[in-house]
Amino acid sequence: MSSPDPQPARRLTIARAMSEALAQEMDRDPSVLVMGEDIGKLGGVFGTTQGLLDRFGPERVRDTPISETAFIGAAVGMAASGLRPVVELMFVDFFGVCMDAIYNLAAKQCYFSGGQVHCPMVLMSSVGGGYGDAGQHSQCLYATFGHLPGLKVVIPSNATDAKGLMLSAIRDDNPVVFLFHKGLQGMGWLGTVQRSITDVPAGEHLVPIGEAKVAREGRDLTIIGWGHTLHVALDAAAELDAAGVDAEVVDLRTIAPLDRAAILASVRKTGRLLVVDDDYLSCGVAGEIIASVCEAGISLRAPPVRIAHPDIPIPFSPALEHFLLPSAAQVVAAATAMFERAPA
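Source: prediction; values computed, not measured.

### What about empty space enclosed by the protein?
So, point 1. Counted according to the given criterion, the structure contains one cavity of 30 Å³ or more.
So, point 2. Taken together, Ile 102, Ala 106, Met 121, Leu 123, Leu 151, Pro 175, Val 176 and Val 177 form the lining of the largest cavity.
So, point 3. If you list the elements that add at least two residues to the lining of the largest cavity, you get α4 (99–106) and β7 (176–181).
So, point 4. For the lining of the largest cavity, the per-class residue count stands at eight nonpolar, no polar and no charged.

### Some remarks on the pattern of salt bridges
Close approach of charged atoms allows side chains of opposite charge to pair.
So, point 1. Tallying each qualifying case throughout the model produces 21 salt bridges.
So, point 2. When the shortest N-O distance is used, the salt bridge between Asp 199 and Arg 11 registers 3.9 Å. Here Arg 11 lies in strand β1 (residues 10–12) and Asp 199 lies in strand β8 (residues 198–200), a separation of 188 residues in the sequence.
So, point 3. The exposure class assigned to Asp 199 is partly exposed, which follows from its relative accessible area of 43%.
So, point 4. Here Lys 152 makes a salt bridge to Asp 172, at a shortest N to O gap of 2.6 Å. Taken as a pair, Lys 152 in strand β6 (residues 152–154) and Asp 172 in the loop between α7 (159–171) and β7 lie far apart in primary sequence, 20 residues in all.
So, point 5. Residue Asp 172 is classed as buried on the basis of its relative accessible area, which comes to 13%.

### Comments concerning the side chain of Glu 37
So, point 1. Within the secondary structure layout, Glu 37 lies in the loop between β2 (32–36) and α2 (52–56).
So, point 2. No salt bridge forms around the buried Glu 37; measuring N to O, its nearest opposite-charge neighbour Lys 182 is 13 Å away.
So, point 3. Not counting the four nearest positions on each side in its chain, Glu 37 is found in contact with Asp 63, Thr 64, Pro 65, Ile 66, Ser 67, Glu 68, Phe 71, Glu 88 and Met 90.

### A short note on helix α8 (residues 228–242)
So, point 1. Taking 1.5 Å as the rise per residue, α8 with 15 residues should run 21 Å; its terminal C-alpha atoms sit 22 Å apart, in good agreement.
So, point 2. Where α8 is concerned, the buried positions are Thr 229, Leu 230, His 231, Val 232, Ala 233, Leu 234, Ala 236, Ala 237 and Leu 240.
So, point 3. Looking at the packing, one finds that the buried side of α8 touches β9 (213–216), β10 (221–225), β11 (247–251), β13 (273–280) and α12 (328–340).

### Here's the deal with the side chain of Asn 158
So, point 1. Within the fold, Asn 158 resides in the loop between β6 and α7.
So, point 2. We classify Asn 158 as buried; its relative accessible area is 7%.
So, point 3. A distance of 2.9 Å separates the side chain of Asn 158 from the backbone nitrogen of Asp 161, its partner in a polar contact.
So, point 4. Residues within four places of Asn 158 in sequence aside, it is in contact with Ile 14, Ser 196, Thr 198, Lys 213 and Asp 251.

### So, the nonpolar core
So, point 1. Judged by nonpolar contacts, the single largest core of 52 residues is most densely connected at Ile 72, Met 121, Tyr 142, Phe 145, Ile 224, Trp 226 and Ile 289.
So, point 2. Per-element tally for this core: the top contributor is helix α3 (residues 68–80), with six residues.
So, point 3. If we skip the residues at most four places from it in the chain, Trp 226 touches Tyr 142, Ile 155, Asp 251, Leu 252, Arg 253, Ile 255, Val 275, Val 276, Asp 277, Val 285, Ala 286 and Ile 289.
So, point 4. Residues Ala 17, Met 90, Val 207 and Ile 209 belong to the second largest nonpolar core, which totals 39 residues.

About the criteria used
Per chain, the residues get numbers from 1 upward, laid out in the order the sequence is written. At least 70 in pLDDT is required for a residue's local features to be given in this predicted model, at least 80 for side-chain atom pairs to be given and counted, and no such filter applies to totals for whole chains, interfaces and linings, which use all residues. Neither water nor hydrogens contribute to the side-chain values; these are computed over all heavy atoms in the structure. A pocket, in this scheme, is an open set of points on a 1 Å grid over the protein atoms alone with protein on both sides within 12 Å along at least 5 of 7 lines, while a cavity is a set where a 1.4 Å probe fits but cannot get out; residues line either one if an atom lies within 4 Å of a point. Grid points are joined across faces, edges and corners, and a volume is the space filled by probe spheres set on the points. Helix numbering and strand numbering both begin at the N terminus, where a helix is a DSSP run of H or I of at least 4 residues and a strand a DSSP run of E of at least 2. Ten residue types, Ala, Val, Leu, Ile, Met, Phe, Trp, Tyr, Cys and Pro, are classed as nonpolar, four, Asp, Glu, Lys and Arg, as charged, and the remainder, Gly among them, as polar. Salt bridge, as applied in this entry: a Lys or Arg side-chain nitrogen positioned within 4 Å of an Asp or Glu carboxyl oxygen. To sort residues, take the accessible area from a 1.4 Å probe on protein chains only and compare it with the maximum for the residue type: under 20% means buried, over 50% means exposed, and anything in between is partly exposed. Residues scored as positive are Lys and Arg, those scored as negative are Asp and Glu, and His as well as the terminal groups of each chain are ignored. Two residues qualify as a contact provided that any one of their heavy atoms is within 4.5 Å of a heavy atom in the partner residue. Here a helix's expected span is defined as the number of its residues, less one, multiplied by 1.5 Å. The term polar contact refers here to a pair of N or O atoms within 3.5 Å; inside protein, the definition further demands a hydrogen-donor-capable atom paired with an acceptor-capable atom, and it admits residues adjacent in sequence only when both atoms are side-chain atoms. Here, nonpolar core refers to any group of buried Ala, Val, Leu, Ile, Met, Phe, Trp, Tyr and Cys residues whose side-chain atoms link them within 4.5 Å.

Below is the structure:
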């Protein structure tokens, strides 16, 4: 449960909610600092650090050179030395040049030291396609990070959760990967899903890492999404409702640790499962969710279905790219096919 707040809520974008969370933690804890490319004067390409440079100065809001290996490695060292760095990797696609710092240093530090050295570091990064940015700037890679022991991975679908998850991530004593989808940020040049702009408490507001939530109650079918695909799922559920199918929509919120209990509880109620994932199809989070349900021995009324990006690099051509991205129409078609099958 989120912590109560006596102050009235305001409607914020995810970008504003993230900036507010960072400012509040920097006010509360002098060990918190922010670093990355264009996060100072520009306020972040995706609006994640708006106003922080003017408020906290260049010692705590540091623009870095274009060297992800250097500044993410530096953040790991800062975290081991008692600071709480929040470091932005502008596009998640850039993780390849600094993977050693993420996986072999940040993720394993607590394990390798027998719990004596922690790594209270937040790595925040943009994900998602739809902008004609091709394969170098459009991936999601949720499963890549979720697969690595020692990392927690979160992705909000709305501004309320963005603030609460960011506060929880900064306060965590070990590394958290905070992913945000470009299509939900509320930046004018990107466009945004309006449903992601929500009421956000002005003060203390924590969302626990590792807890999914039911975004829409239903009885006939469980649809699971996260980040942008949560909105795809909700749009599809509205269409299905008009056709007489009452879909329950679960917002994962956290990829690692995965809230299997919430997933199983929903599927036990509905007997059907459809997962919407804008990462690559094979070896993905969608497959892990389906495997978890099957391993639990739940009797399903139809085979589970996953909708994801095909196992090919994301095309530059907008026509090809949008054709391949998961959509509400794909979800509706797959769900409809489920109910046309003979009962298992």
